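# Commentary on secondary and tertiary structure
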Amino acid sequence: MTGIETTIVTALTNNFIGQIIKSGWEGINKNELLNKDVGQLFKEGKYLFLREYTQRYWDRHGMIKVLKMSKPMDLESIYVNVKCLGNLVRDYYDENLENKYRESKQRRFNFRDDGKKDGLLLANQEQYLMVLGDPGIGKSTFLRKVGLEALKGNKDSYQHPLTPVLLELKNFKENEINIQALIEEEFKICGFPNVEKNISNKLEKGELLILLDGLDEVPTANVYNVIEKIKDFVDRYHKNRFILSCRTAARTHLRRFTDIEIVEFDDQQIQSFIEHWFSSELDRKNETAKNCWELLQKEEYKSAKELAHTPLLLTFLCLVYDENQSFPTNRSRLYQDALRILLEKWSAEKRLPNRGLVYENLSIEQEEILLSEIAYQNFVADKLFLEKREVVKQIKDHLKQNLNAPQHLDGEKVLKTIEIEQGILVERARDVYSFSHLTLQEYLTAQYIYDNDLIEEAVKNYVTETRWEEVFLLVAGLMRGKADKLLLAMEKEAHNYLKTPLGQKLVPILQWADEMTKDSVDSPIKPVGRRVIAYWLVIFYTCIIYSYNVIHIPNVTAIIHSIVIAYAYAPEIAYLITEMSFTPNLIDEFVQLVNLFAQDRIVSKVNFSQLSADLEAFKQIIPDDKATTKERREFADQFLKMWSTAFNLTPELLNLSINEISEIDRHYFYINRRILKCQKVAVNISPTVWQEIEDRMLRVP
């Protein structure tokens, strides 16, 4: 044991001895424990079982080792207080879940935050507690934590001086189940004397905290028998305190018990967990926790952070980050691993009996195909919340159409099994389901598109819909045989946009940008970067024309996609453009911009020396705050004339309204931005194909 573990076990032992002295145990000399140094008694070989019980409890329930952890971690070091709801949302029918989700403007489906209470507070309040929650939410960990707090005797956390006994219900396989005998066995193993008599006495007095973990993990054939045994045992020994855990989907009504449900981690809990996880001296020195948390805040990892609201998957993310000090750029592999954890690894690690229909009759591969089909069909229909009858029908249809799928399976039972054993489909309200995470639905949708060669169809129909953004990025990450097909399909849609009425108005601008930049062969900026910066010259001019002030820099949020492309190729210029605003220093900013144009040779055929001199001259006549509207307009007219002359801007190029500029950005430039992002995350792309795409980007075919 480490020094920390020894300290913890010693503290637990001292408190446990205090409980034994107070309540008594036949075969233990209470006076000897009171009047003699306990450590000396242990050295003499007396009452070693008192320490053995706390050591055994700590070894079995105080350490955590899951997934690919190289060594166990003590629960105390990483535990984060869970929060619970006392009334289960899914017990009520709610036909407006889809609208509520849209209005919440977040990715999480579980967007209810009202009425949450600390789990330990509820454990103190309720004598009989049913702890519900989805797979991986932390039910077992919570029971172990309550047991440790009871052993500590710390009235600030768990206020009842009881001896905890934890039984894992997955081991209740026999028809004849004797709960008292199993409790006695826990003490016998540690060498306690007169166990049968003493346990009976403690049960009658109500001196035990009985933790029954995993009602949903009882073998199916024995579950009703176990429930009846628990009911009878609780009724007989009603003075004790009981905490029972069960997955929400498999919950059973027990008359005495108060139901609470552990809810997902919020941001504060996620950050706290990460800080606990990366708390070693080396991690503190390198600020590992801070770096991990900050990375999860970035836009490109918003979907990964969504997984972090489930403690099991947050543990997985911490393991990934610990190994690489980053998260993979190709998120497809990350989400694939997360899905596999829910599909099979978690149940395998917990050594659950293979009792469900999914495991016995439907292979994991077949189930993944089934889930991907459900995900795709509903994502196409823009439905994130699904009625039970629709899901059951989709399951039945899939089984009928798949020759190798077991035809006899009941669709409703398959759905229930998936919900109970894996939690990938979750009942959000009565008979209304969704995927547990939007991220998983997006990943499965991408998997379906890739598996069924629907790339061109998906791009044609959905490439400009922002809700499909993550799906296309995941498709790019899945295409290990080269993502060329995806990028070429997107390029085709960008070119098709130029054939639309609004696209036709963009064509002259693109042709002008190409002509103005094509001779700058010695520029450090790639041609596509020069073209997008040249496009911005037109945008600037147009926005000045439509301004009611002298000069109005366009709202970047309305033309975000073109500016992001500019950032990808010419970050210094793009940054300057986005920072410009109407201030007395505006002409200085224009001078700086022109100097960058000259330095990076963005456009050819422009006399930058003369342009800079003209701008310097404009400093002397820029209107002040007291200027009239007429004076401002005269200044604007002179400025526009100088700017258009320098860059050869003709009236034909300046016929776009602000709304049209925004519309073009949301379509044409959005598609090109998608191409760049997919190229960045793709595993495999032909260098030749990418070079050709980049050469054609922002040009008229």
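Residues numbered from 1 in each chain as written. Predicted model: local features only at pLDDT ≥ 70, side-chain atom pairs only at ≥ 80, totals over all residues. Heavy atoms only, no water.

## Observations concerning the overall build of the protein chain
Per the secondary structure count, the protein chain includes 34 helices and 12 strands. Dimensions of the protein chain along its principal axes, counting C-alpha atoms only, are 105 × 65 × 45 Å. Classification of the 701 residues of the protein chain by burial places 57% in the buried group. Of the contacts made within the protein chain by residues no fewer than 6 positions apart, 75% connect residues no fewer than 24 positions apart. (Helix = DSSP H or I, 4+ residues; strand = E, 2+ residues; numbered from the N terminus. Buried < 20%, exposed > 50% of the residue type's maximum accessible area, 1.4 Å probe, protein only. Contact = heavy atoms within 4.5 Å.)

## As for the sheet that holds strand E12 (residues 432-435)
A sheet is described by the order of its strands in space; here three strands give the open sequence E10-E12-E11, paired in antiparallel fashion. Looking at the sheet topology across the chains shown, the edges are occupied by strand E10 (386-387) and strand E11 (425-429). (Pairing = 2+ DSSP bridges.)

## Observations regarding the pairing of E11
In terms of residue burial, E11 counts as a mostly covered element, since five of its five residues are buried. The pairing of E11 with E12 spans four bridges and is classified as antiparallel. Directly across from Val426, in E12, lies its bridge partner Ser434. Connecting E11 to the next strand, E12, in antiparallel fashion are two residues, including Asp431 with a positive phi near 65°.

## Structural notes on the packing of aromatic side chains
Overall, the coordinates contain 26 aromatic pairs when judged by the stated rule. Both rings, one in Tyr668 and one in Phe669, keep their centres 5.2 Å apart while their planes meet at 90°; by these two values the pair is edge-to-face. Looking at Tyr668, the relative accessible area reads 1%, which means it is buried. Residue Phe669 is classed as buried on the basis of its relative accessible area, which comes to 0%. The cationic tip of Arg467 hangs over the ring face of Phe379; the distance from NZ or CZ to the ring centre is 4.9 Å. Stacked on the ring of Tyr670, the Lys or Arg Arg674 has its end atom at 4.6 Å from the ring centre. (Phe/Tyr/Trp six-rings, centres within 6.5 Å; stacked < 30°, edge-to-face > 60°. Lys NZ or Arg CZ within 6 Å of the ring centre and 35° of its normal.)

## Observations concerning the sheet that holds strand E9 (residues 258-262)
Read from one edge to the other, the open sheet built from seven strands follows the order E4-E3-E9-E5-E8-E7-E6, with strand pairing classed as mixed. At either margin of the open sheet sits one strand with a lone partner, and together these are strand E4 (117-118) and strand E6 (163-168). The pairing of E6 with strand E7 (residues 208-213) spans six bridges and is parallel. Looking at the pairing, Val165 lines up with Ile210 of E7.

## Things to note about unusual backbone geometry
In this structure, Gln325 takes a positive phi of about 55° despite not being glycine. Position of Gln325 relative to the elements: it lies in the loop between helix H16 (311-324) and helix H17 (331-349). Given a relative accessible area of 40%, Gln325 falls into the partly exposed group. At Lys482, a residue that is not glycine, the phi angle is positive and equals roughly 100°. Mapped onto the fold, Lys482 is located in the loop between helix H24 (469-478) and helix H25 (484-497).

## Considerations on the pairing of E7
Of all the six residues making up E7, six are buried; the element is thus mostly covered by neighbouring parts of the structure. Both faces of E7 are covered, namely the face carrying Leu208, Ile210 and Leu212 and the face carrying Leu209, Leu211 and Asp213. Two elements, E7 and strand E8 (residues 241-247), share four bridges in a ladder whose sense is parallel. Bridging across to E8, Leu211 finds its partner in Ile243. At this point the chain moves from E7, through helix H11 (residues 223-236), to the parallel E8, and the crossover so formed is right-handed. (Right-handed = clockwise from strand over helix to strand, strands pointing away.)

Function-wise, these values are silent; they only describe arrangement.
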